[in-house]
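# Residue-level structural notes
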Amino acid sequence: MSNIAEKTEQEHKHYDEDFTSVEPHHEFHDDTLEGPEPTEEDWKNLREVADHVPISAYLVILVEFCERFTYYGLTGPFQNYIQYPDPGSYPAQQPGAMGRGQQTATALTTFFTFWCYITPIIGAVVADQYLGKYRTIVLFAGFYMVGLLILTCTAIPSSIANGSAFPGYVVSIIIIGLGTGGIKANVSPLVAEQYQSKKPFIRTQKNGNRVIVTPQATYQKVFNMFYWGINIGSLSAIATTELEKNVGFWPAFLLPTCMFVPCIIVVILGRNRYVQTPPRGSVFLEAGKLFWYASVKVKGGLEACKPSNLSASHPELAAKATWDDIFVDEIKRALKACIVFCWFPIYWLCYQQMTNNLLSQASTMLTGNVPNDIMQNIDPIVLIILIPFMETVFYPTLRRFGISMRPIMRISIGFFFSAVAMGYTAGIQSMIYKTPPYYDHPQGQNWISAAYQIPSYVFVALGEIFASITGLEYAYKKAPQSMKSIVMALFLLTNCFASILAFALVSVTVDPKLTWMYTGIAGAAFVCCILIYAIHWKNDKVDIEEDAIARTDEQLEGYQGKTNLKDTAAEYEAEKGPA
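Residues numbered from 1 in each chain as written. Predicted model: local features only at pLDDT ≥ 70, side-chain atom pairs only at ≥ 80, totals over all residues. Heavy atoms only, no water.

Where an unreviewed UniProt entry is consulted, the chain appears under the name POT family-domain-containing protein, with the organism given as Syncephalastrum racemosum. According to the UniProt record, the Sequence similarities (unreviewed entry) comment for the chain is "Belongs to the major facilitator superfamily. Proton-dependent oligopeptide transporter (POT/PTR) (TC 2.A.17) family." According to its UniProt record, the chain has this under Subcellular location (unreviewed entry): "Membrane". (UniProt positions renumbered as here; feature names shortened; annotations may be inferred.)

What follows concerns the overall build of the chain. A count of helices and strands for the chain gives 27 helices and three strands. Split into buried and exposed, the 579 residues of the chain put 57% on the buried side. Once local pairs closer than 6 in sequence are excluded, the contacts in the chain between residues at least 24 apart make up 80%. Summing over all exposed atoms, the chain offers an accessible surface of approximately 22,800 Å²; the carbon and sulfur share of this is 65%. (Helix = DSSP H or I, 4+ residues; strand = E, 2+ residues; numbered from the N terminus. Buried < 20%, exposed > 50% of the residue type's maximum accessible area, 1.4 Å probe, protein only. Contact = heavy atoms within 4.5 Å. Areas by Shrake-Rupley, 256 points an atom, 1.4 Å probe, with all protein chains shown as cover.)

Geometrically, the link from P436 to P437 is a cis peptide bond, its omega value of 5 degrees lying close to zero. By the secondary structure assignment, P437 is in the loop between α21 (407-433) and α22 (454-478). Residue P512 is reached from D511 by a cis peptide bond, and omega for that bond is 5 degrees. Backbone geometry at Y439 places phi at a positive 55 degrees, although glycine is not the residue there. Along the chain, Y439 turns up in the loop between α21 and α22. Classification of Y439 as partly exposed rests on a relative accessible area of 41%.

Turning next to the pairing of strand β2 (residues 201-204). The alternating pattern of β2 places F201 and R203 on one face and I202 and T204 on the opposite face, and all of these are buried. Summarising the sheet, β2 and strand β3 (residues 210-213) pair through four bridges and their orientation is antiparallel. Note that in β3 the partner of T204 across the bridge is R210. (Pairing = 2+ DSSP bridges.)

Our focus in this paragraph is the packing of aromatic side chains. Under the criterion given, the structure shown has 30 aromatic pairs. Measuring from ring centre to ring centre gives 5.2 Å for Y293 and W323, while their planes differ by 80 degrees; the resulting arrangement is edge-to-face. With Y293 in helix α13 (residues 283-297) and W323 in the loop between α16 (315-320) and α17 (325-341), this residue pair connects regions lying 30 residues apart in the sequence. By relative accessible area, which is 9% here, Y293 ends up buried. Relative accessible area serves as the criterion here: at 1%, W323 is assigned to the buried category. (Phe/Tyr/Trp six-rings, centres within 6.5 Å; stacked < 30°, edge-to-face > 60°.)

Taken together, three strands build an open sheet; the order of strands is β1-β3-β2 and the sheet is mixed. The two strands at the open ends of the sheet, each matched to only one other strand, are β1 (48-49) and β2.

So, about the packing of helix α7 (residues 133-153) against helix α12 (residues 249-269). With their axes 10 Å apart at the nearest point, α7 and α12 run at an angle of 160 degrees to one another. Here α7 is positioned roughly antiparallel relative to α12, judged by the angle of their axes. Considering only the axes of α7 and α12, their crossing is left-handed. In this structure, α7 uses Y134, I137, V138, A141, Y144, M145, L148, L149, L151 and T152 to contact α12, whose residues at the interface are W250, F253, L254, T257, F260, V261, I264, V267 and I268. Split into classes, the residues belonging to the contact of α7 with α12 amount to 17 nonpolar, two polar and no charged. (Axes fitted to C-alpha atoms, helices over the stretch in contact; angles between N-to-C directions. Parallel < 35°, antiparallel > 145°, perpendicular 65-115°, else oblique. Left-handed = near helix turned anticlockwise from the far one by under 90°. Nonpolar A, V, L, I, M, F, W, Y, C, P; charged D, E, K, R; others polar.)

This paragraph deals with the packing of helix α5 (residues 101-118) against helix α23 (residues 484-504). Packing of α5 against α23 leaves a shortest axis separation of 7 Å and a crossing angle of 155 degrees. Judged by the inter-axis angle, α5 sits roughly antiparallel to α23. Crossing handedness for the pair α5 and α23: left-handed. Within the contact between the two elements, α5 uses A107, T110, F111, T113, F114, Y117 and I118 and α23 uses L492, L493, N495, C496, S499, I500, A502 and F503. Its residues placed into classes, the contact of α5 with α23 shows 11 nonpolar, four polar and no charged.

Looking now at the pattern of salt bridges. Applying the stated rule across the entire model yields 12 salt bridges. Note that E64 and R68 form a salt bridge whose closest N and O atoms lie 3.9 Å from each other. Of this pair, E64 and R68 both sit in helix α3 (residues 55-75), four residues apart, roughly one helical turn. Comparing E64 with R68, the two get one shared label, buried. The network of salt bridges with shared partners includes E303, K306, D329 and K332. (Salt bridge = Lys/Arg side-chain N within 4 Å of Asp/Glu carboxyl O.)

All right, on to the side chain of K245 then. Here K245 is to be found in helix α11 (residues 236-246). This buried residue, K245, is left without a salt bridge; E242 holds the nearest opposite charge, at 7.2 Å. (Lys, Arg positive; Asp, Glu negative; His and termini not counted.)

Right, let's get into the confidence of the model for the chain. Per-residue confidence for the chain gives a mean pLDDT of 83, with 87% of residues at or over 70. When mean pLDDT is compared element by element in the chain, α21 scores highest at 96, while helix α1 (residues 2-11) scores lowest at 40. For the stretch residues 1-30, pLDDT sits under 50, and the model shows 49 contacts to residues farther than four places along the chain or on other chains. For the stretch residues 550-579, pLDDT sits under 50, and the model shows 65 contacts to residues farther than four places along the chain or on other chains. (pLDDT = per-residue confidence, 0-100.)

This part is about the nonpolar core. Counting 153 residues, the largest nonpolar core has Y81, Y169, F223, F415 and F491 as the members making the most contacts within it. For this core, the element with the most residues is α22, which contributes 12 residues. Of the domains in this structure, domain 1 (53-279) and domain 2 (340-549) are the two that each give at least three residues to this core. Once you skip the residues sitting within four places of it in the chain, Y81 turns out to touch G96, A97, M98, T154, A155, I160, A165, Y169, F249 and F253. (Core = buried A, V, L, I, M, F, W, Y, C linked by side-chain atoms within 4.5 Å. Domains from an automatic or database assignment.)

Attention now goes to the pairing of β3. Across two bridges, β1 lies against β3 in parallel orientation. What sits directly across from V49, in β3, is V213. Once β2 ends, the chain turns through five residues before running back antiparallel as β3, passing G208 with a positive phi of about 95 degrees.

Structure (C-alpha cells):
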C-alpha cells in the first residue's frame, strides 16, 4: 500500500474534490466527515467500511425500481403469450395468445433481450456526447411509454382474435427495447455518481473505533442496494403472471404500464437533487482517431500515440492530435475493463435460461394452482433476502478478518454458481424425461413437482450476487469519467452476445435434446470460471492502487464539456499547480 500513500501524498495532499486548499484533519467523531488518508500501517490494522449513501442515490434507486417493475412485469408473461394458443376463456389452465410454439417463443424473447442490451450503446452515445445522463433518461422514458401503450392495446381480446397481437408485440418490443436500453446505460452510472468521495480516508466512529472508509466498499454497497431495488421491482412478475392466468394478458400488461408513470414523475421531480455530469463531447470521434493512429500511423500501440511521445517521433501527427496524454490513459483503462467483460456472454447465457427455457420446463411439471411462469420469481425473492445479508453480515465479517473479496474473485465465484445452476437444471430435465406419462416427449405435465426447480433459481441468484452486481461495480469503477455510460453500455452489450449464442441454441431447445443443452452451458460456465481467475487475478492485487491513482483523472470532471482535450488538460494542470 506504500504506493497509494506516496501517490496521494505527492499529488493530492493540498486539494479536495473542488481543487480548493484544505488543512490536514486530525480527530473526527462525526460520521459524516472525512478524516486523514490511511497510512500503510492503517491498511494493515484497520478494517474497510462503506461510507454513507447520499439521498439522491436513493432517488435513482427508486427510479430503477419503477422501471424494473415495468420491465419484469411485461416479460414475465411473454413466453406463454407467444408459445400457447388463446384458451378462449379465463381462468385458464394454460394461458396463451399466439400459439406459435416454444422455439418461436424462445427466439422472440431472446431477440427482445438482445435488442434491450444493444440499445444501451445508443443511450450511452447520446448521454456522453450530447444530452448528459439525466436528460437522456427522460428522453428514452418517452419512447418506453409509447411502446407500453402499443403492447397493452394489442393484447386486448378483440386484438388477439383479429391477429393484431403478433405485429403489435413485434413493434412494441422494438420501441420498449429502445427505451429500456437508453435508461439502462445511464441509470447505474448515475446512481454511482451520487457518491462523490474518490479516495480512502480514516473515520473515527462514535464508539471510538477507527476504520478506513473506501470508495471500493462504498460502490459495492451502492450497487448492492441498486440491485436490491431491481429485484424488488422484478417481483411484479408474480402479479402479472397471476393476472394472465386468471383475467388475461391485457391487464397483465396494463399494470406495469401504469407503474411506469411514477418512474417518470420521480425522474422529473428529483431533477434538482441529482449530481449530474455534463456531456463530454465527441468521445467516439476522438477515440476513433486515436485507434486509427495506433493501428495504421504509429508503431508502439496506444502509448506511442500520446502527444508527449508523438512530438518526438511524429511531430506532424502530434500537431493534428485533438487528445492529450490523459485521454490515452483513459482509453487504456476502459479497454482493461472491457477485456474482463468478454467472459460475460457465457454468464448471461446461463441467466437467460431462467426467462424462457426454464419456464417451458416448468410447464411440463406439476405446478398446482399457480402458473408455470411464476417460478421465475424465486430468483428475485432469493436476492431480496440474500443481498442485505451479504451487505450487512457476509462482506463486513470477511473485512473484520482482513479479507476483502475483490472484483475478479467475486466474478469467478459468480460463474461457478451459474455453472452449478445449469448442471442441476440438466439433472432435473433428465428426471422429467424419465417420468410418466409423456417421458421425453412431454405434451403436457409429467408427474414430477416443479418444486425441484427451486435450487436452479437459488444458484442463479447466487451467481447474480457475485457476477452481475460486481460487473456493474467494475464497469463504473474502471471507466474514465468521460466514458462512464459508454463502458457501462459495453458491459450490458455482453448480454447481446449471450442472446446470439442463445439463437444458435434454438435448434436444440426441443425435446428430447434439452438435457444436453443445459449440460453444455454448464460446462462452458465452469471453464470460464477457472479461466477468469487464472488470467485476471492480478487485477485484484492492484485494484485499490489503481482506483486511488485514477482520482487524478476523476478530478477532470470539473472541466467536462470542453471540446479540445489539450485545453482541458492545460487548465487542469494550471489549476493544480506544482506537486
